[in-house]
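Understanding the architecture of this molecule
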Amino acid sequence: EPEVTQTPSHQVTQMGQEVILRCVPISNHLYFYWYRQILGQKVEFLVSFYNNEISEKSEIFDDQFSVERPDGSNFTLKIRSTKLEDSAMYFCASSQSENSPLHFGNGTRLTVT
Amino acid sequence: GQNIDQPTEMTATEGAIVQINCTYQTSGFNGLFWYQQHAGEAPTFLSYNVLDGLEEKGRFSSFLSRSKGYSYLLLKELQMKDSASYLCAGDSYGTNAGKSTFGDGTTLTVKP
């Protein structure tokens, strides 16, 4: 069964550094998302992406965050200047259509020190 | 906006039946998802209800009442591997299309 893949599985970075989290969505899916989950807390929506542009973003997704689909397969999340509170598991997800189930990747655990 | 409520924790015995409730208050509500999340892993899709009524899928069933803003996930013949967090997520149409709002999750512990 096709799956969403994310790299790296774990990223450790120092406060103020830039990080790029990478995702390869399922190939025939058209909608892409980033969610995050702080340890012990709920899954939180960050951003949705369709037709090469952001379709919606949450209050969490401020100017420090950006997303890009640099080619036909990758979907990236960049955090420009990481803060301690950015430490979380970041999940990429994709779906075939707007209201179809989300297929999640295994996540990237980001630790900011 | 969206507000999703579900119990924090539940405990049940292997072989038993358990019902996990979820209430929601959403604008532009389209449907309700249930996901399962084992500790340290990604959520995986269980069910999606758009219309009122019960959807059965093997040992798992999900129910939706749009008029009451209420859903439940029913797990039958519980197995130890069903110990996990169960996430209720509301889906919206219109300006929020494609954005799922998750509840805090219900941690289910299945005991022998």
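Refer to the structure printed above.
In this report, the structure presented in the accompanying data block is examined. The shown structure was predicted, so the numbers you read here are calculated from the model rather than taken from an experiment. By convention here, each chain's residues receive numbers from 1 onward along its written sequence. Note on labels: chains are lettered from A, ligands numbered from 1, in written order. Side-chain atom pairs in this predicted model are given and counted only at pLDDT of 80 or more, local residue features only at pLDDT of at least 70, and totals for whole chains, interfaces and linings cover all residues. Here the side-chain values reflect all heavy atoms present in the structure, with hydrogen atoms and water set aside.

Overview of the sheet that holds strand β3 (residues 18-26) of chain B
Sheet strands pair via backbone hydrogen bonds, and the direction of the pair is either parallel or antiparallel. All names here are of chain B. An order of β1-β3-β8-β7-β6 is seen for the five strands of this open sheet, with the pairing classed as antiparallel. Single-partner strands in this sheet number two, and they are β1 (2-5) and β6 (53-57). Strand-to-strand twist across the sheet, computed as the mean angle between neighbouring axes with direction ignored, equals 15 degrees. Pairing between strands is defined by DSSP: at least two bridges between the two strands are required. Numbering of helices and strands runs from the N terminus; a helix is a DSSP stretch of H or I covering at least four residues, while a strand is a stretch of E covering at least two. Lines are fitted to the C-alpha atoms to define the axes, a helix being fitted only along its stretch in contact, and any angle between axes, read from their N-to-C directions, falls within 0 to 180 degrees.

Topic: the sheet that holds strand β1 (residues 5-7) of chain A
Residue and element names in this part refer to chain A. An order of β1-β3-β8-β7 is seen for the four strands of this open sheet, with the pairing classed as antiparallel. The sheet is open, and its two edges are formed by β1 and β7 (65-68), each paired on a single side. Between one strand and the next, the sheet's axes are offset by a mean angle of 20 degrees, whatever the strand orientation. Here β1 pairs with strand β3 (residues 19-24) via three bridges, running antiparallel. Within β3, the residue paired with Gln6 across the bridge is Cys23.

What to know about the state of the cysteines
When two cysteine sulfur atoms are found within 2.5 Å, that pair is recorded as a disulfide. Applying the stated criterion across every chain yields a total of two disulfides over all chains. A sulfur-sulfur separation of 1.9 Å characterises the disulfide bridge that pairs Cys23 of chain A with Cys92 of chain A. Here Cys23 of chain A and Cys92 of chain A share a disulfide; its torsion about the S-S bond, -65 degrees, makes the bridge left-handed. With Cys23 of chain A in strand β3 and Cys92 of chain A in strand β9 (residues 88-95), this residue pair connects regions lying 69 residues apart in the sequence. Each residue's exposure class comes from its accessible area (1.4 Å probe, protein chains only) as a fraction of the maximum for that residue type: buried when under 20%, exposed when over 50%, partly exposed otherwise. The class for Cys92 of chain A is buried, based on a relative accessible area of 0%. A sulfur-sulfur distance of 1.9 Å marks the disulfide that ties Cys22 of chain B to Cys88 of chain B. Taking the torsion about the S-S bond as the criterion, the Cys22 of chain B to Cys88 of chain B disulfide, at about -65 degrees, is left-handed. Residue Cys22 of chain B is found in strand β3, and its partner Cys88 of chain B is found in strand β9 (residues 84-92); the two are separated by 66 residues along the sequence. Take Cys22 of chain B and Cys88 of chain B: they sit in the same class, and that class is buried.

Quick look at the pairing of strand β11 (residues 108-112) of chain A
Residues and elements named next belong to chain A. On β11, burial follows the alternation: Thr108, Leu110 and Val112 on one face are buried, whereas Arg109 and Thr111 on the facing-out side are not. Pairing between strand β2 (residues 10-13) and β11: four bridges, direction parallel. Opposite Val12, over in β11, you have Thr111 as the bridge partner.

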